Amino acid sequence: MTLLQEMSDQDLVRLYAEGNNDAFRHLLFRHKDYIYSYIYSFIHNHDDSNDIFQELFIKVISCIRNKNYNEEGKFRNWVLRIAHNMVMDYLRASVASTTVSAENEDFTLLNNKDICDGNIEDSIVDEQINTDIIKLVHLLPENQREVVYMRYYKNMSFKEISDKLGCSINTSLGRMHYAILNMRKMAKENKMLY
């Protein structure tokens, strides 16, 4: 019997798609340093790089589980292509939030919502959104609710979450993925779309 460490990426992806979580753990371990370094080379911030890395592997898990992985290329190149797109999105959003055009006559500092105190309407809307989110979190299965709470309310990394819960990072990422899907579904069913 071939050990997982000796298997090709393609074989590990196939095994993971069939439900073998250890296969994904080996894929992650095999490529994590290279992929994280790639992300960090653009971002230059460990917290943001970690967030992108974790979101990247949620997407990778989802793609493989939904049979959207194309075996024609190499696994690492495929993941790097997704990572590159995520990094570019991050950088575009960063530039957009910090760039001010002197040519835009309509722009005034007083109209920039990010740097001004919100009005009462904004406060009420934000409060309602937060209340709705808390309700949705409470409706999740306990294992998903725990991961959401630790990630978003305690700002724990997926590594810290998996250590605390005594499960693999892959399991923590999967629980988060399903929690987000469930919350979106419940929000849509309850017409909580913002």
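Note that the structure is a prediction, hence the values are computed from the model and not measured.

Caption draft 1: Fine view of the overall build of the protein chain. When helices and strands are counted, the protein chain shows 8 helices and 0 strands. Going from N to C terminus, the protein chain has its helices and strands arranged as α-α-α-α-α-α-α-α. When each of the 194 residues of the protein chain is scored for burial, the buried share is 32%. Contacts in the protein chain between residues far apart in sequence, at least 24 positions, make up 54% of those at least 6 positions apart. In the structure as shown, the protein chain presents an accessible area of about 13,100 Å², 51% of it carried by carbon and sulfur atoms.

Caption draft 2: Up close: the layout of surface pockets. Each pocket or cavity is described by its volume, and for the largest pocket that value is around 470 Å³. Lining the largest pocket are 18 residues, with Leu-28, Lys-32, Phe-53, Lys-159 and Ile-169 sitting closest to its centre. When residues of the lining of the largest pocket are traced back to their parent elements, those giving at least two are α2 (21-43), α3 (46-65), α7 (158-165) and α8 (169-189). Here the lining of the largest pocket gets 7 residues from one element, more than from any other, and that element is α2. Residues belonging to the lining of the largest pocket are distributed by class as follows: 8 nonpolar, 6 polar and 4 charged.

Caption draft 3: Up close: α8. Helix length check: α8 (21 residues) gives 30 Å between terminal C-alpha atoms against 30 Å at 1.5 Å per residue, within 8%. Looking only at α8, the buried set comprises Asn-170, Ser-172, Leu-173, Gly-174, Met-176, His-177, Ala-179, Met-183, Met-186 and Ala-187. At the exit of α8 stands Lys-191, carrying a positive phi of roughly 55°.

Caption draft 4: Broad picture of the pattern of salt bridges. Inspection of every chain in the model, using the stated rule, returns 6 salt bridges. Here Asp-11 makes a salt bridge to Arg-14, at a shortest N to O gap of 2.7 Å. Here Arg-14 and Asp-11 lie together in helix α1 (residues 9-17), a separation of 3 residues that amounts to about one turn. We classify Asp-11 as partly exposed; its relative accessible area is 29%. On the basis of relative accessibility, which here comes to 37%, the residue Arg-14 falls in the partly exposed class. Arg-92 is the partner of Asp-89 in a salt bridge, and the nearest nitrogen-oxygen pair spans 2.8 Å. With Asp-89 and Arg-92 both in helix α4 (residues 75-98), this residue pair falls 3 residues apart, about one helical turn.

Caption draft 5: Looking closely at the packing of aromatic side chains. Summed over all chains, the structure comprises 10 aromatic pairs. Considering the side-chain rings of Tyr-16 and Phe-24, the 4.8 Å spacing of their centres and the 40° angle between planes classify their relative orientation as tilted. The class of Tyr-16 is buried, set by a relative accessible area of 2%. Judged by its relative accessible area of 0%, Phe-24 is buried.

Caption draft 6: Structural detail: unusual backbone geometry. Phi at His-44 takes a positive value of approximately 60°, unusual for a residue other than glycine. In this structure, His-44 sits in the loop between α2 and α3. Even without being glycine, Asn-155 reaches a positive phi, approximately 55°. Among the secondary structure elements, Asn-155 is positioned in the loop between α6 (142-153) and α7.

Caption draft 7: Main features of the packing of α1 against α3. Viewed as axis vectors pointing N to C, α1 and α3 meet at an angle of 75°, and their least axial separation amounts to 9 Å. The orientation of α1 relative to α3 falls into the category roughly perpendicular. Counted together, Val-13, Tyr-16 and Ala-17 of α1 and Ile-61, Ile-64 and Arg-65 of α3 form the full contact between these two elements. When the residues that make up the contact of α1 with α3 are grouped by side-chain class, the tally is 5 nonpolar, no polar and 1 charged.

Conventions and cut-offs
- Residues numbered from 1 in each chain as written.
- Predicted model: local features only at pLDDT ≥ 70, side-chain atom pairs only at ≥ 80, totals over all residues.
- Heavy atoms only, no water.
- Helix = DSSP H or I, 4+ residues; strand = E, 2+ residues; numbered from the N terminus.
- Buried < 20%, exposed > 50% of the residue type's maximum accessible area, 1.4 Å probe, protein only.
- Contact = heavy atoms within 4.5 Å.
- Areas by Shrake-Rupley, 256 points an atom, 1.4 Å probe, with all protein chains shown as cover.
- 1 Å grid on protein atoms, 1.4 Å probe; cavity = no way out; pocket = protein on both sides within 12 Å on 5 of 7 lines; lining within 4 Å.
- Points joined across faces, edges and corners; volume = space filled by probe spheres on them.
- Nonpolar A, V, L, I, M, F, W, Y, C, P; charged D, E, K, R; others polar.
- Expected span 1.5 Å × (residues − 1).
- Salt bridge = Lys/Arg side-chain N within 4 Å of Asp/Glu carboxyl O.
- Phe/Tyr/Trp six-rings, centres within 6.5 Å; stacked < 30°, edge-to-face > 60°.
- Axes fitted to C-alpha atoms, helices over the stretch in contact; angles between N-to-C directions.
- Parallel < 35°, antiparallel > 145°, perpendicular 65-115°, else oblique.

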